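The chain contents come next:
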Amino acid sequence: RLWDGVHEAAREGVDILVVDNRIKEIGPRGAFDGRGARLVDAKSLTVTPGMFDMHNHQQLRSKYLGDRQGRAWLAYGVTATRSTGDAVYRALEDKEALESGDRVGPRHFMTGEMFEGTRVEWDFARPVYSQRQLELDLSRAEALGYDVIKTYVRFPFDSQAKVIDRAHSRMGISVTSHYLYPGVVHAQ
């Protein structure tokens, strides 16, 4: 059975083709036989979409929960989390451990320290003092493979627009913030 959250009723007798941890296709039972796919028999179960935590500071919680954090998320049906600011090297280690299977937990979309103005409120924020430093921080985000960039409330509007343009056009990732307007208006 599959309840996909789109149709009112659950669909019976379906196979789900998963490629690279993503649902590629849903078809009638047996539709993907002979494709060399590994079979997971869920005939006695109901498959549902997982929940996505869009505002997670993974490293803040991990100091209290440790490795139990990922299992707790999965137990509650959370299959993906998105960081909105973490110490970057710990976040990267966490993402790599989850992707490799060395740590159990939801898929994790990571970012590093939030880009912030010169007065930071949180210890996982990065104060950006100049355009030169902004370029270095953006290069670092690109090199470390951020999945999202977070800016915070005291980050200058002109810098916000530069981050949005760079993240979208060159890095192919999204930007989130507690204070996206008016910077987003000035992005191209």
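Residues numbered from 1 in each chain as written. Predicted model: local features only at pLDDT ≥ 70, side-chain atom pairs only at ≥ 80, totals over all residues. Heavy atoms only, no water.

A. Examining the pairing of strand E4 (residues 78-83) more closely. Most of E4 is tucked away: five of the six residues are buried. Both strand E3 (residues 51-56) and E4 contribute to a ladder of four bridges, which runs parallel. In the sheet register, Phe-52 faces E4, and the bridge partner there is Ala-80. Sheet topology places E4 next to strand E5 (residues 107-109); three bridges connect them, and they run parallel. Residue pairing across strands places Arg-82 opposite Phe-109, the latter belonging to E5. Following the chain from E4 across helix H3 (residues 88-100) to the adjacent parallel E5, one finds a crossover that is right-handed. (Buried < 20%, exposed > 50% of the residue type's maximum accessible area, 1.4 Å probe, protein only. Helix = DSSP H or I, 4+ residues; strand = E, 2+ residues; numbered from the N terminus. Pairing = 2+ DSSP bridges. Right-handed = clockwise from strand over helix to strand, strands pointing away.)

B. Local environment of the packing of aromatic side chains. This structure, assessed with the given rule, holds three aromatic pairs. Where Phe-115 meets Phe-155, the ring centres are 6.1 Å apart and the plane angle is 70 degrees; that geometry is what we call edge-to-face. In this pair, Phe-115 is assigned in strand E6 (residues 114-116) and Phe-155 in the loop between strand E8 (148-151) and helix H5 (157-171), connecting sequence segments 40 residues apart. Taking relative accessible area as the criterion, Phe-115 reaches 1% and is therefore assigned buried. A centroid spacing of 5.8 Å and a plane angle of 25 degrees characterise the contact between Trp-122 and Phe-124, whose relative ring orientation is stacked. The exposure class of Trp-122 is partly exposed, given its relative accessible area of 39%. Take Phe-124: its relative accessible area is 7%, and that puts it in the buried class. (Phe/Tyr/Trp six-rings, centres within 6.5 Å; stacked < 30°, edge-to-face > 60°.)

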